[in-house]
Amino acid sequence: LQEAVCQLALHRGSQYDVAPLDGARRKLRDFQARFPEEAERAEVDLLLRHIDWAFARRDFDTAEFYRRLGDIRPAVRYYRYIIREYPGTPWADRA
């Protein structure tokens, strides 16, 4: 759990470099599977939602980039992906 929290701390809000978030997500999911009661006490679900929010934002920004270029197909592909993979985020609502 501490490793995942450290990796979250490495992510300084850059919406493009999400490598630390990806590592944190893998570690948190592993922790959640191995220690479900401790994960609940540590509010791992909340941390995972935060990570999903960051990924959704990055993908939404990418979709908007393509939309502004007039390249609708990749934009729609990203919007659909966001809706499917990150429901309940503000970015899915906007997609």
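Use the structure listed above.
Residues numbered from 1 in each chain as written. Predicted model: local features only at pLDDT ≥ 70, side-chain atom pairs only at ≥ 80, totals over all residues. Heavy atoms only, no water.

### Some thoughts on the overall build of the chain
And then number 1: Check the secondary structure of the chain and you find six helices and zero strands.
And then number 2: Sequence-ordered secondary structure for the chain, helices as α and strands as β, is α-α-α-α-α-α.
And then number 3: Scored against the burial criterion, the 95 residues of the chain give a buried share of 35%.
And then number 4: Put simply, of all contacts in the chain between residues at least 6 apart along the chain, 43% involve residues at least 24 apart.
And then number 5: For the chain, the exposed area adds up to about 6500 Å²; of that, 49% sits on carbon and sulfur atoms. (Helix = DSSP H or I, 4+ residues; strand = E, 2+ residues; numbered from the N terminus. Buried < 20%, exposed > 50% of the residue type's maximum accessible area, 1.4 Å probe, protein only. Contact = heavy atoms within 4.5 Å. Areas by Shrake-Rupley, 256 points an atom, 1.4 Å probe, with all protein chains shown as cover.)

### Remarks on helix α4 (residues 44-69)
Three- or four-residue spacings in an α-helix give side chains the same orientation, since the helix completes a turn every 3.6 residues.
And then number 1: The end-to-end C-alpha separation of α4 is 38 Å, in line with the 38 Å expected for 26 residues at 1.5 Å each.
And then number 2: Of the residues making up α4, those classed as buried are Val 44, Leu 48, Ile 51, Asp 52, Ala 54, Phe 55, Ala 56, Asp 59, Phe 60, Thr 62, Ala 63 and Glu 64. (Expected span 1.5 Å × (residues − 1).)

### Digging into a negative patch on the surface
And then number 1: Negative charge collects at one region of the surface, where Glu 37, Glu 38, Glu 40 and Asp 45 lie side by side.
And then number 2: Tracing the chain through its elements places Glu 40 in helix α3 (residues 36-41). (Patch = residues over 30% accessible without salt bridge, like charges linked within 9 Å, V, L, I, M, F, W, Y side chains within 5 Å. Salt bridge = Lys/Arg side-chain N within 4 Å of Asp/Glu carboxyl O. Lys, Arg positive; Asp, Glu negative; His and termini not counted. Charge placed at Lys NZ, Arg CZ, Asp CG, Glu CD.)

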